[in-house]
Amino acid sequence: MDFLAENNACGQTILRLVSRGNVIIAELLRLSEFVPPVYRPENLAEYAQYSALLLDFSYFKEVDATEKRIESSTTLQEADLELRENNLEILRRFYRAFESIHRYAVDLNRFVEDLEDGVHIQQSLETVFFNPDGKQLMCEALFLFGMMLLIVDMKYEGLLRERLLVAYYRYCADTSRETNIDEVCTLLRSTGFSSASTARRPANYPEDYFRRMKFKEVFVSMAIGRLRSDDIYHRASAFPLPEHRSTALSSQAAMLYIVLYFDPDTLHNQPAKMREIVDKHFADNWVISTYMGILVNLLDAWEPYRAARSALSITIEQNVAKSLATRFGEKRVKINSILLQLLKEGSLTEETAVNSLNKLLSLTRDCNVVVRWLLLHTAPLPAQVEVNNKKAKAARDLVITEMNCRPVEVLEFLLNTAQFELQLKELYKGILANKEGTWNSYKNEASGRLKELADAFSGERALSRIEKNEKLQEWFREMEKQVELLSYQDIASNGPRIIQLIQALEEVLSFHRLESNMQVKQFIVETQHFLHKMIKISNVKEETVINLDIVGDLSYAWQLIDTYTTKMQEGIKATPSLVSKLRATFLKLASAMDQPLLRISQANSGDLQSVSEYYSGELVAYVRTVLQIIPETLFSLLAKIVDIQTNKLKELPTRLEKDKLREYAQLDDRFEVAKLTHSISVFSEGILQMKTTLVGIIQIDPKQLLEDGIRRELVRQVALALHNDCVFGPKTKAADFVQRLELISAKMDGFRRSFEYIQDYIDIYGLKIWQEELSRIVNFNVEQECNVFLRNKIQEWDSLYQSKTITIPKMRIVDKSLTFIGRISRELLRATDPTTTIYVDQLIAWYDTKTRQELVNITVFRKLQNALGIAGLAGLDRLFAFMITRELHSFQKIMEDLLKERTWIAHYQTLVKTINTGRQPIVQPLKFYAQATAKGQRLWPFTMEILQKIGQLQLLRRQLAYELRTVSRFDAKNLVSALENFNESILLECRAHLADPVEGKSQGKDKKDSFLLFELAEYLQWTGMTEPLSQIYIGTRRETYRGLALFLCFLAISGMLTPAKSLGNTLIPRRRTDPIDGTAFLLGFLTVLKQYHEDDTHQLVQLIGQYLRSVTEHHKSGAGEVGPDASTIVVAVQWMLLFDAVSPQMVGASIPPFVIRMLQTV
């Protein structure tokens, strides 16, 4: 029974285990890109506020003390809760990946024990290792576990994974009963390994690391034995020459290198075994690829092991290494010249491929062996090896010197090899697809000619000078029958018979003196020719393409190829048509995916799709990176074109005098524009030569690739321009801010003009791309800036606006703000600071309190729109809304103290007795209200500061909404009209529903899953059809004395203001030194009022009315002056009415008109 048959439990068990191993490694590699930055040791300074919560395994020695310390600090508790909510899901995923490593090892051990215990009938450890598939899978199973441990150490250094495991234990471990966290922590505790250039390799690493999970000695020994002595993958048939042996056995050599760490005694104390291993596997190489292109230099890796070092010393002896480098360097030159001849148009045809099958396959082997050796042995050394191992560095330098070729020549050889291989493979695939038809056509041609010869010797068909010969006629008819009897189904056994037919034709030509007749001779020679073709096409088999795939393996360069990216891009820049060769190289590189996907596919695992997508995605990302040089070059050419058009070319007048025609022609400049435009077209054609290509399971469309590349370069340049130009000093003046906005506007306009010019030449929608990408950049940066105000932050990889294909770069932080949008918002806030400026609503401008100079007006917001577009204004509006929410929460905390503290409650109770219902005037109001507000005299400055911030933000939001409204009505009037009507209809329906909720429900108008209102709200925000003062930012509960508390706050702070009649009754500071802007305070207060229940507003207005009536009655009785506060409050109430914060009916019910008129005259 086949070992991998579905009904073979033993084979299926180990197959599924190996499949799992490949899936685990893919998950470890995938997750390494999603490590939360806060847990990385190198980011400690950036995330200093969390340092006390980033715990390693020392936490387990003092769990109670650590938890008690966290619980005793409110700051630590909040930070801990934030870490938990932001990273809970990703921590679970990390732990599942780490735990799967431990479970894999446990299951592998259990399988080995089951074999020894006879659980699998007729199977034992020996029989499994004797089976060809069995020994492959057993060796792979042990090798994969070793690779898991090494990859974990490479991608998640000790301190990092300890932090991740402790975080999981603290946040999640108690929610799962089946966790093996103790065993996982034991297996993955820090080894001391570090990839830093200054770090040294820990003692006994990695053998001590591998010892943390024990395997049966006999299992390890048998695995090493098979890898040492057998050709377990039967690669010798693909590499028959002895000098290609190390390449043929390279896969199992890499496995042997890993498995030997499970038996370090062999490395240390078994010189005979190590000598055998080196002679067979490493006689002519010392740099190997283990898994998915992870390279190992044996000169460094085996340095601590006596037996291994001694065995390897002969291979890397200077003369041997020098000889190898010279030999491979000379081979490269010789083979490359042959490749260049074959790659010429028309050189490699189907006929050549069939006739020279063995020569071409041999050439392919030589190409791949040479390119493999050169790429691996000239690969850059890891920083650690470069610094600490002089022997490895000297060997690499020797190879580079002696092979006598530059890295760019090695790359050229790789590209030629890939192109030749691809063409050859496509030819053989085409031949195989039509093999039967072609073979039958050759047979028919040969048979037809024999029939014509038989007819010619019958005397019935006249051929010149041919006499009738019945014997020859009969003989040719018999030959025709023999050819007809040949069958494609028996193609394997037809060879000897066809050779006999060819020999018989040769003999008849000489024995019967037919050579003298040129026509007969030609027919016989053509028949022989077709028979020869039948033999040759029979030699082209499926195994030919399979051998080409085996020989053309480039998995060893999966990571190494990154070092040649710059040279590839330089080649494309010089010759755009090079893309066709790069396409062949990328397809060749896709062979690396065969190694992990083969076993997953054989096991019919459900993870095949996800693993395929991961590796295919990585390769496609690399393809995009290499080809990104084309969009980069396009943009540099565009910059030159725009510069000429903007600064050099003169605009043609409507009427032009004849003698000035030459002056306006500007032929040289126009020729330069034409030349640059032609270059753009050439580069576009270059990328389109990629053709539609399937890379792994992802299909690459060259047109889409070009568009994505252009988007990516646009995003990079725009993001960089916004980052660099939006940097403001601590003392930046308003004029400088405006100049900076004008500079950004000019740059953005340059980008827009570039796209207008380029779109027709490369067939893209320039305006659409521009608007989409600018919007995405702004929204992403707004989202990152808003994360500051969120406990549950949106991670970069979860963002709707971030893309792996067209990545928005994350810039370094230059000040308190995370992004350029934060810096602009804070510069606006600084320029309109209510402590130093006054806002005049009638002029829609902010003025300096001291100098009375205008600082910010409506034109600033227009320039903002020119610089950042609609998306920028909407983004700033959203950011300001988050800032308002934060300030409202701060105010709410103050209110909670005012409403819950016992002394304040007692104070309110005393005041309520005097105030009563708020209807009757207060006796001696000035004294009463002065005493009422005196209790909070230390609190009011903090309250005023918060209210002013809220009001300032609201003023900015109103200006942004106005600008958005103006632009949208001008640029999208149809959309605005539709939105206005739609919004009005929705509001009417909502009012109808509120008036009769039962009827509304019966009509199904309150579906919870409807996103209509959310979508409409977004449209309204982007068109400025919102009123910031009417929005609810936070949720609150009803409190008994809130109206009274708000009144005291309002009354106390209003005393610092006075209306300025020359400025349309704008509230200004009563004393010039007071840091207050009346409009900002008032809008802040109204915003706060909007967050509370309507009853609180009623109570506030009643108390204001009582205050005004009291001071009026007091004045009329002649007991004293009204005081300036009353006039200020009257103006404040009028502003409230103007801003629609209170209704005229509410004010009229509490404040009689005669009171307002009297106070206005006073």
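Residues numbered from 1 in each chain as written. Predicted model: local features only at pLDDT ≥ 70, side-chain atom pairs only at ≥ 80, totals over all residues. Heavy atoms only, no water.

### Quick notes on the overall build of the protein chain
Broken down by element type, the protein chain carries 50 helices and nine strands. Over its C-alpha trace the protein chain gives a radius of gyration of 42 Å, far above what one expects of a compact globule, namely 32 Å for 1162 residues. When its C-alpha atoms are laid out on the principal axes, the protein chain stretches across 150 × 95 × 70 Å. Classification of the 1162 residues of the protein chain by burial places 51% in the buried group. Taking all contacts inside the protein chain whose residues are at least 6 apart in sequence as the whole, residues at least 24 apart take part in 78%. Total accessible area computed for the protein chain in this model is approximately 55,500 Å², and 51% of it derives from carbon and sulfur atoms. Side chains of the protein chain give 141 positive and 145 negative charges; the mean places of these two sets differ by 4 Å. (Helix = DSSP H or I, 4+ residues; strand = E, 2+ residues; numbered from the N terminus. Rg over C-alpha atoms; globule rule 2.2 N^0.38 Å. Buried < 20%, exposed > 50% of the residue type's maximum accessible area, 1.4 Å probe, protein only. Contact = heavy atoms within 4.5 Å. Areas by Shrake-Rupley, 256 points an atom, 1.4 Å probe, with all protein chains shown as cover. Lys, Arg positive; Asp, Glu negative; His and termini not counted. Charge placed at Lys NZ, Arg CZ, Asp CG, Glu CD.)

### Regarding the environment of leucine 343
Along the chain, leucine 343 turns up in the loop between α16 (318-342) and α17 (350-355). Residue classification places leucine 343 among the buried residues on the basis of a relative accessible area of 18%. For leucine 343 and asparagine 416, which are 73 residues apart along the polypeptide, the C-alpha to C-alpha distance reads 8.0 Å. Setting aside anything within four residues of it in sequence, one finds leucine 343 in contact with Asn416, Gln419, Phe420 and Gln423.

### Some words on the sheet that holds strand β5 (residues 837-840)
Across the sheet, which stays open at both edges, the three strands sit in the order β5-β6-β7 with antiparallel pairing between neighbours. Bordering the open sheet on either side are β5 and β7 (854-857), each of which pairs with just one other strand. On average, adjacent strands in this sheet sit at an angle of 25° to one another, irrespective of strand direction. Examined bridge by bridge, β5 and strand β6 (residues 845-848) share four bridges and lie antiparallel to one another. In the sheet register, valine 840 faces β6, and the bridge partner there is alanine 845. (Pairing = 2+ DSSP bridges. Axes fitted to C-alpha atoms, helices over the stretch in contact; angles between N-to-C directions.)

### Some points on helix α15 (residues 306-313)
Of the positions making up α15, those classed as buried are Ala307, Ala308, Ala311 and Leu312. On an axial view of α15, the arc spanned by its buried residues comes to 125°, and they lie on one face. In this structure, the buried residues of α15 make contact with α12 (264-269), α13 (271-281) and α14 (298-301). (Arc of directions from axis to C-beta.)

### As for the environment of histidine 529
Relative to the helices and strands, histidine 529 is located in helix α25 (residues 518-539). Histidine 529 sits 84 residues away from glutamate 445 along the chain, and the two C-alpha atoms are 10.0 Å apart.

### Quick word on the side chain of histidine 723
Positionally, histidine 723 belongs in helix α34 (residues 702-725). For histidine 723, a relative accessible area of 7% gives the class buried. Look past the residues within four positions of histidine 723 in its chain and what remains in contact with it is Met811, Arg812, Val814, Phe820 and Arg823.

### Topic: the environment of leucine 188
Tracing the backbone shows leucine 188 in helix α7 (residues 181-188). Residues contacting leucine 188, with those up to four places away along its chain left out, are Phe98, Leu149, Val152, Arg161, Leu165, Tyr209 and Arg212.

### Remarks on the packing of aromatic side chains
A complete count under the given rule lists 48 aromatic pairs for this structure. Ring centres of tyrosine 257 and tryptophan 302 lie 6.3 Å apart, and the angle between their planes is 40°; on these two criteria the pair is classed as tilted. Residue tyrosine 257 is located in helix α11 (residues 250-259), and its partner tryptophan 302 is located in the loop between α14 and α15; the two are separated by 45 residues in the primary sequence. Across this residue pair, the class does not change: tyrosine 257 and tryptophan 302 are buried. Sitting over the ring of phenylalanine 328, arginine 327 keeps its end group 5.0 Å from the ring centre. Its guanidinium or amino end placed over the ring of tryptophan 904, lysine 935 lies 5.2 Å from that ring's centre, counting from NZ or CZ. (Phe/Tyr/Trp six-rings, centres within 6.5 Å; stacked < 30°, edge-to-face > 60°. Lys NZ or Arg CZ within 6 Å of the ring centre and 35° of its normal.)

### Quick word on the nonpolar core
Counting 364 residues, the largest nonpolar core has Trp302 and Tyr615 as its most contacted members. Dropping the residues within four chain positions of it, tryptophan 302 is found in contact with Tyr257, Leu260, Tyr261, Leu267, Met274, Val278, Phe282, Ala308, Arg309 and Leu312. Core analysis: the next-biggest nonpolar cluster, separate from the first, contains six residues, Val976, Ile986, Leu1016 and Met1025 among them. (Core = buried A, V, L, I, M, F, W, Y, C linked by side-chain atoms within 4.5 Å.)

### Re the domain arrangement of the protein chain
When the parts of a complex come together, some accessible area is lost, and that lost area is often used as the size of the interface. Splitting the protein chain by domain gives domain 1 (1-190), domain 2 (428-540) and domain 3 (862-964 + 1034-1160). Just the C-alpha atoms count here: the centres of domain 1 and domain 2 sit 68 Å apart. (Domains from an automatic or database assignment.)

### Observations regarding the pattern of salt bridges
Tallying each qualifying case throughout the model produces 49 salt bridges. A salt bridge links aspartate 80 to arginine 170; the shortest N-O distance between them is 2.9 Å. You can see aspartate 80 sitting in helix α3 (residues 74-117) and its partner arginine 170 sitting in helix α6 (residues 158-171), a full 90 residues away along the chain. A relative accessible area of 12% places aspartate 80 in the buried class. Judged by its relative accessible area of 14%, arginine 170 falls in the buried class. The shortest N-O distance in the salt bridge between aspartate 1074 and arginine 1071 comes to 3.2 Å. (Salt bridge = Lys/Arg side-chain N within 4 Å of Asp/Glu carboxyl O.)

### Thoughts on unusual backbone geometry
Here the residue pair tyrosine 205 and proline 206 is connected by a cis peptide bond, since its omega of 10° sits within 30 degrees of zero. The backbone phi angle of asparagine 204 is positive, close to 55°, even though this residue is not glycine. Structurally, asparagine 204 is set in the loop between α7 and α8 (207-210). Since its relative accessible area comes to 45%, asparagine 204 is described here as partly exposed. One non-glycine residue, aspartate 1140, lies in the positive phi region at around 60°. The exposure class assigned to aspartate 1140 is exposed, which follows from its relative accessible area of 68%.

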